[in-house]
Amino acid sequence: MTFIAHVVEFLLIAGLLAVAALGVAFLVARAYVRRHWRLVQGHVAYRGFLAGLTVLAAGRERFWARLTPEQLSRGTSARVRRRMWVAVEDAERAVAHADGRDAPVADLPAVCRSLRSVAGELDGLLRHERRLPSGVGRSDGVRAQVAELIGAARDVQAAALRAGSEAAGPQVRSLVRQARDEVEIVSSGLARLRSLAPPH
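*Asks:* Got a minute to help me understand the overall build of the protein chain in this structure?
*Replies:* Scanning the protein chain from N- to C-terminus turns up six helices and zero strands. When the helices and strands of the protein chain are read in sequence order from the N terminus, they spell out α-α-α-α-α-α. The buried share of the protein chain, reckoned over its 200 residues, is 20%. Within the protein chain, contacts between residues separated by at least 24 positions form 72% of all contacts whose residues are at least 6 apart in sequence. For the protein chain, the accessible surface area stands at approximately 14,900 Å², while carbon and sulfur atoms represent 64% of it.

What follows is the structure, given as structure tokens:
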């Protein structure tokens, strides 16, 4: 055999051994992580960490909800784009939820489609704005339009929530009456049992 054939054979064997070693290492590491992940998930510190993240996320959402559309349209292009799409998606979800409960949503689904279309146009403008040099002044017109769009999306979301609430009202009132009636029946039954029980 020539020298090149020996080198190729050596590289082939070394490659096979390396692949086998990596496979074994992967299986061992996966088993180790799985075994210890169960311990980590049940640990108090891990649960506290997840609870802290949940509280922070809820606080962030409440903070964003208090901001006006004009305030939400300020900041970096990427941040404004994200806030704009969040407002549009919130409106879409609220309308879809109300529509799924047979609430009177009128043309709100079509309005949501228009919101998404206009948001796509503004998203493109904000992307171009992001590429401007830092010294060049940015257009306030685009930010004003984003603020108007966010305000419109919030109005649509509020209207859908009102419609959903009105649609759920009869069902909630019926459930409350049924629960009250059942509680009265149980109370009457308990009172009857007490009256029939022999005195101690």
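*Asks:* Any chance you could explain the nonpolar core here in plain terms?
*Replies:* Grouped burial of nonpolar side chains is what soluble globular proteins tend to show. With 26 residues, the main nonpolar core has Met84, Leu115, Val146, Leu149 and Val156 as its most contacted residues. Elements with a minimum of two residues in this core: helix H4 (77–100), helix H5 (108–130) and helix H6 (140–196). Dropping the residues within four chain positions of it, Leu115 is found in contact with Val88, Ala91, Leu149, Ala152, Ala153 and Val156.

*Asks:* Quick question: what am I supposed to make of the pattern of salt bridges here?
*Replies:* Two side chains carrying opposite charge are able to pair once their charged atoms lie near each other. Here the structure, examined in full by the defined rule, presents five salt bridges. The closest approach of N and O atoms between Arg93 and Asp90, which form a salt bridge, is 3.4 Å. Here Asp90 and Arg93 lie together in helix H4, a separation of three residues that amounts to about one turn. Among the residues examined, Arg93 registers a relative accessible area of 55% and is labelled exposed. By relative accessible area, which is 29% here, Asp90 ends up partly exposed. When the shortest N-O distance is used, the salt bridge between Glu129 and Arg143 registers 2.6 Å. Of the two residues, Glu129 sits in helix H5 while Arg143 sits in helix H6, which places them 14 residues apart along the sequence. What you see here is one network of salt bridges that share partners, running through Arg81, Asp123 and Arg127.

*Asks:* Just checking my understanding: could you explain H4 for this structure?
*Replies:* Turn by turn, an α-helix covers 3.6 residues, leaving residues three or four places apart pointing in a common direction. Taking 1.5 Å of rise per residue, the 24 residues of H4 would be expected to cover 34 Å, and the 34 Å separating its terminal C-alpha atoms lies within 8% of that figure. Of the positions making up H4, those classed as buried are Ser77, Val80, Arg81, Arg83, Met84, Ala87, Val88, Ala91, Ala94, Val95 and Ala98. Two residues or fewer after H4 comes Asp102, characterised by a positive phi angle close to 60°.

Rules and cut-offs
- Residues numbered from 1 in each chain as written.
- Predicted model: local features only at pLDDT ≥ 70, side-chain atom pairs only at ≥ 80, totals over all residues.
- Heavy atoms only, no water.
- Helix = DSSP H or I, 4+ residues; strand = E, 2+ residues; numbered from the N terminus.
- Buried < 20%, exposed > 50% of the residue type's maximum accessible area, 1.4 Å probe, protein only.
- Contact = heavy atoms within 4.5 Å.
- Areas by Shrake-Rupley, 256 points an atom, 1.4 Å probe, with all protein chains shown as cover.
- Core = buried A, V, L, I, M, F, W, Y, C linked by side-chain atoms within 4.5 Å.
- Salt bridge = Lys/Arg side-chain N within 4 Å of Asp/Glu carboxyl O.
- Expected span 1.5 Å × (residues − 1).

These results come straight from atomic positions and should not be treated as a statement about function.
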